[in-house]
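Listed below, chain by chain, are the residues.
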Amino acid sequence: MSEKGRQVPAAVSSHIVKIRLIMLGKTRRQETRALLDNYVARIRHYGEIQISELRDVSPAALRKLKLDSSAAVVLLDAAGTQLTSQQFARWLGDLRDRGTRELVFLCGDAEGFPDELRTHAKQRISLSTLTMPHEFSRVVLAEQIYRAFAIMAGHPYPK
């Protein structure tokens, strides 16, 4: 529906999607860590979020991740689908409304992803056509997740 030509945000569903960010390598730069932590704290106002930073990508370490077969696993990939912030919010809202319990984002390092992780991905998303440091892409992802929740809630942040 619209109100004087503006789109009125849909009500936020009571169903909560658990979000996991699985990141290869460690976020080393203090200022990058501070930004990431800030957005993660903001996301927690809307739901559960967990971050796992993997220094070791051995098969044994990857098995410890215990990815649920019903989880929506998304690989961040330069060749993936590009979405606007509004499209990303709609996509996240659709997953939530369809009852998705867990959404896992796989964030690679400079070397990319091991095939063992790639095979779990059901979808690939690109954050930008620009090349950026992998640590910065983590902040961009967290900000876009927060922005999506704010859009769905009708919060003024995205304006």
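Residues numbered from 1 in each chain as written. Predicted model: local features only at pLDDT ≥ 70, side-chain atom pairs only at ≥ 80, totals over all residues. Heavy atoms only, no water.

A separate point is the side chain of S126. Within the fold, S126 resides in strand β7 (residues 123–126). On the accessibility criterion, S126 (4% relative accessible area) is buried. Here A78 takes part through its backbone oxygen, which lies 3.5 Å from a polar atom of the side chain of S126. A distance of 3.0 Å separates a polar side-chain atom of S126 from the backbone oxygen of S128. Sequence-distant contacts of S126, that is, excluding residues within four places in its chain, are made with D77, A78, G80, T81 and Q82. (Helix = DSSP H or I, 4+ residues; strand = E, 2+ residues; numbered from the N terminus. Buried < 20%, exposed > 50% of the residue type's maximum accessible area, 1.4 Å probe, protein only. Polar contact = N/O pair within 3.5 Å; in protein donor to acceptor, adjacent residues only side chain to side chain. Contact = heavy atoms within 4.5 Å.)

Strands sit in the order β4-β3-β6-β5-β7 across an open sheet of 5 strands; the sheet is parallel. Looking at which strands have only one partner, the edges of the open sheet turn out to be β4 (49–54) and β7. Across the sheet, the axes of successive neighbouring strands diverge by a mean angle of 30 degrees, strand direction being ignored. The strands touched by helix α3 (residues 85–97) within the sheet are β5 (72–82), β6 (102–107) and β7, with β6 carrying the most contacts at an inclination of about 135 degrees. Each of β3 (18–24), β4, β5 and β6 is contacted by helix α5 (residues 134–153), which is oriented at about 170 degrees to β3, the strand it contacts most. (Pairing = 2+ DSSP bridges. Axes fitted to C-alpha atoms, helices over the stretch in contact; angles between N-to-C directions.)

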